[in-house]
Amino acid sequence: MSEGVLDRLLAGETVTVSELRTAVFRSVFGDRIGALVGLAALVWFALYWELNFFSSDQYAFANTLVGVVEGHLSIDEAVYGPPSGSTPGTYLVNGRVYGRNYGVVVVSAVWLVVYRLLSVLLDLRILLAGLWSLAVAVLGYGIGAVIDRERAGTLLGAALGAAVFVGNLAVATPLPSRWLPVLALQTTTALAAAFVAVVCYRLGKAAYTRRVGLAMGVVAAVGTPVGFWATVPKRHSVTALLVVLAMYTLYRSRAATTCRHARRFRALTYAWVGAAAWVHAAEGFILLLTVAAVDLPTARSNRARDLAVVGAALFVSLVPFFLTNWLIAGNPVEPPRLLPNYDGDVLSPGATDGGSATQGGAGGGATGSDTASAEPTGDGSGSGLSAVVATAVGLFGRRLPGLFMRSYGLFLTDPGRIAAVFVRTGYLDGLTASEDAAVNLSVLASMPLLGSLVAAPMLAGKRHLSAVRSPHEWSAIRVLDAFSVGYVVLLLGVFLGSLPVHHMFTVRYLHPLYVVGIYWLARLPAVRRVVESQGRVLAATTATTAVAGTGVYLAAVAGGDLVLDESVQVYALWALAVAVVTLAWTVLATTRSGLDRAGAVVLGVAAGSMAAYLLVSGLSLFPVSGEFLLPGSRVLSDAVHYTRLYGSSPPY
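Attention in this report is confined to the structure presented alongside it. Being a predicted model, the structure only gives us computed values, none of them experimental. (Residues numbered from 1 in each chain as written. Predicted model: local features only at pLDDT ≥ 70, side-chain atom pairs only at ≥ 80, totals over all residues. Heavy atoms only, no water.)

1. Focus on the overall build of the protein chain
What counts, and what does not: A run of DSSP states H or I qualifies as a helix once it reaches four residues; a run of E qualifies as a strand once it reaches two. Both are numbered from the N-terminal end. Burial here depends on accessible area, computed with a 1.4 Å probe over protein chains only, as a share of the maximum for the residue type. Under 20% is buried, over 50% is exposed, and the range in between is partly exposed. Any two residues whose heavy atoms approach within 4.5 Å at even a single point are treated as in contact. Areas reported here follow the Shrake-Rupley algorithm with a probe of radius 1.4 Å; residue values treat only the protein chains shown as occluding.
Secondary structure assignment for the protein chain yields 26 helices and 3 strands. Buried positions account for 55% of the 652 residues belonging to the protein chain. Sequence-distant contacts in the protein chain: of pairs separated by 6 or more residues, those separated by 24 or more amount to 80%. For the protein chain, the exposed area adds up to about 25,600 Å²; of that, 67% sits on carbon and sulfur atoms.

The following block contains the structure:
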């Protein structure tokens, strides 16, 4: 909420409804450009939004959601997936089956209730298509107002929105009720992904300029895997949002002009920790360690009052996490991931398969998402202080040190695995035939713009080593630099040792890395010069590459009779080539001037290439159910889903 309005409320003064509405809007979006960035991101995600179980652990999420809406945390019936209900992401405690990711599930329960009510009154498919068309019209008006072409923007947006709505209406089919839990989960993750773009915009604007912030927001939506996971009901979009929120509030706490405002933003930074832990305990712990390690030494004040406010914010944020764990396992610090897996001997038969999941689901096996939960420390029967202490000792004393040694030891013992994660991922040795589909992209192929970061170490050394100061004297941006580096170090320490694995797609266990990468890109002076001086060229190149690249990519898939894994790896090779060019330009632009226009083209191609991949992967490569949020997307997908005709290994 706007600081002035909040101060007046706390002082007991009267605030008008208009002032309160404006304050809430500014607190959420920053300004109208921030709102447009979020709206544009949602419009973009909806183009390839498929109602589908993308991996087998999503059956568990949907079944858990159904249970939560019915008033309990347990899964009493396997509504989705195999009749036994045994899928990755299910756990057995005292004869009852539970899911995980309750932070996402509980929020999604609100959406499920809303969708069920609306579906009784209206045709939900038509309603959603209408809302999307309305968003297009509002987007046209908003963009027109920003560039002083309000009338033209309004007319164009309204015409386009109306035309698309008529087209969707012509091919619309009823939305089966079995998809409502999936739609509810996807709504949560899509909104989280959209707000990643909004917060990136606000961070860039606060740290630099509005242009830099706008570029960061657009890149988050179209130039990174944030767009890939936006409509996949897993944790990745939510945890990425919480990381960038922590970055934003940490920056604001250091840039604040008064101690009172600094204290509020500092408390907010700790509040995101509890939300992250409720979604994924390991990622919440990583965030807590990073925030504490950077905040305490660099805070302008660590008086008792400051620490009490921070501690209270942290504790309150952790209450849902503690309460959920206590209700399930009887131990507030033992999350579901640390409990024994459910093997399918409790739930009665009679489930219906709500859709086909990606074979060898993303939640199965010893994957990175389960890194912190391998070899469960309890069975949910422990309670009291002794159980809490035992869990903490097992986690901090044995598991985490082992994970870090395993992860960073790979740089010495197995550099080939490091290269497979960050540079080039193809077929993975040691996997079964059913798992060994080369559908994975490396970190660099997932975000070709990261090629620019080769210059970051040089600039960091030049900038920071030349002026070593006490942490209390660090600038807001330097504090954020320390946070971003520390967070990535801890993230890699926990998850890198389990990578690569099958069906990472975009190295999803390191998903917050891409959000941090956007910030690192904005820290490069050469990149900021391009954004400030060549913004139009950059935008035009990005859009042209996205449109033309989509057509060329689809033509290559169809003309070459490519199966799924071949289709993915064609893009991977192109993305690596683009990343190399991006790297070369950044090195040259860092050492000489006059390359800004060339940089706009290079960076635009890098961002546009990922945008093309998002469209093609969403409409052509990975669709399974044939059910899309927009009826027009279903028709388009049927026309370009070439891998469905030619097959793949394994079949999707």
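2. Some details on empty space enclosed by the protein
The line we're drawing: Buriedness of a pocket was judged along seven lines, with at least five required to meet protein on both sides within 12 Å; pockets are open sets of points on a 1 Å grid over the protein atoms alone, cavities are sets where a 1.4 Å probe fits but cannot get out, and lining residues have an atom within 4 Å of a point. Grid points are joined across faces, edges and corners, and a volume is the space filled by probe spheres set on the points.
Applying the stated criterion to the full structure yields 6 cavities of 30 Å³ or more. Here the largest cavity is characterised by a volume of approximately 200 Å³. Forming the boundary of the largest cavity are 15 residues, of which Tyr48, Phe54, Thr231, Val232 and Gly618 lie nearest the centre. The set of elements that each furnish at least two residues to the lining of the largest cavity consists of helix H10 (226–229) and helix H24 (596–621). Take the lining of the largest cavity: its biggest share by element is 3 residues, from H24.

3. Some points on the sheet that holds strand S2 (residues 91–93)
To be explicit about the condition: Two strands are counted as paired when DSSP detects at least two bridges linking them.
Taken together, 3 strands build an open sheet; the order of strands is S1-S3-S2 and the sheet is antiparallel. On the outer flanks of this sheet lie strand S1 (74–75) and S2, each paired with one strand and no other. Bridge count between S2 and strand S3 (residues 96–98): 3 bridges; the pairing is antiparallel. Across the sheet, Val93 pairs through a bridge with Arg96, a residue of S3.

4. Regarding the packing of aromatic side chains
Stated precisely, the cut-off is as follows: Any Phe, Tyr or Trp ring, taking Trp's six-membered ring, that has another such ring centre within 6.5 Å forms a pair; planes under 30 degrees apart are called stacked, those over 60 apart edge-to-face, and the others tilted.
Taken as a whole and judged by the stated rule, the model has 24 aromatic pairs. Residues Phe54 and Phe622 carry aromatic rings whose centres are separated by 5.9 Å and whose planes lie at 80 degrees to one another, so their mutual orientation is edge-to-face. Pair noted here: Phe54 is in the loop between helix H3 (32–46) and helix H4 (57–69) and Phe622 is in the loop between H24 and helix H25 (631–640), with a separation of 568 residues, a long-range link. Residue Phe54 shares its accessibility class with Phe622, and that shared class is buried. Seen in terms of ring centroids, Phe228 and Trp229 are 5.1 Å apart; in terms of plane orientation they differ by 70 degrees. Their pairing is edge-to-face. Both residues of the pair, Phe228 and Trp229, count as buried. Among the aromatic residues, those joined into a ring-pair cluster are Phe54, Phe228, Trp229, Phe505, Tyr553, Tyr571, Tyr613 and Phe622.

5. A look at helix H14 (residues 304–329)
Note the following rule: At every residue, the bend is computed as the angle between two fitted axes, covering the seven residues ending there and the seven beginning there respectively.
Along H14, the sharpest change in direction is near 40 degrees and occurs at Leu318; proline Pro320 comes one to four residues later. Taken residue by residue, H14 has Asp306, Val310, Ala313, Leu314, Ser317, Leu318, Phe321, Thr324, Asn325, Ile328 and Ala329 as its buried positions. In this fold, the buried residues of H14 make contact with S2, S3, helix H5 (102–121), helix H12 (259–279) and helix H13 (281–298). Gly330 occupies a position one or two residues after H14 and carries a positive phi of about 75 degrees.

6. Here's the deal with unusual backbone geometry
With the exception of glycine, the majority of residues adopt a negative phi angle, and the majority of peptide bonds are in the trans configuration. Pro500 follows Leu499 through a cis peptide bond whose omega is -5 degrees. One non-glycine residue, Asn101, lies in the positive phi region at around 55 degrees. Considering the arrangement of structural elements, one finds Asn101 in the loop between S3 and H5. At Asp148, a position not held by glycine, the phi torsion is positive, near 60 degrees. Within the element layout of this structure, Asp148 appears in the loop between helix H6 (124–146) and helix H7 (150–171). We classify Asp148 as exposed; its relative accessible area is 64%.

7. Brief notes about the environment of Thr258
Here is the rule: Definition of a polar contact: a pair of N or O atoms within 3.5 Å, with one able to donate and the other able to accept a hydrogen when the atoms are protein atoms, and with sequence-neighbouring residues admitted only if both atoms are side-chain atoms.
By the element assignment, Thr258 lies in the loop between helix H11 (236–255) and H12. According to the relative accessible area criterion, Thr258 is partly exposed, its value standing at 30%. Looking at Thr258, its side chain comes within polar contact range of the main-chain nitrogen of His261, at 3.2 Å.

8. A few points about the environment of His503
Here His503 is to be found in the loop between helix H19 (476–495) and helix H20 (512–522). Residue class for His503 comes out buried when judged on its relative accessible area of 0%. C-alpha of His503 to C-alpha of Leu441: the two residues are 62 residues apart in sequence and 9.4 Å apart in space.

9. A closer look at a nonpolar patch on the surface
For the record, the criterion: Two joining distances apply to patches: 9 Å for like charges and 5 Å for nonpolar side chains (Val, Leu, Ile, Met, Phe, Trp, Tyr), and every residue must have over 30% relative accessible area and no salt bridge. We define a salt bridge as a contact between a side-chain nitrogen of Lys or Arg and a carboxyl oxygen of Asp or Glu at a distance within 4 Å.
On the surface, Phe315, Val316, Val319, Leu323, Trp326 and Leu327 cluster together into a nonpolar patch covering about 610 Å² of accessible area. If you trace the backbone, Trp326 turns up in helix H14.

Don't take any of this as a statement about function, it's just geometry.
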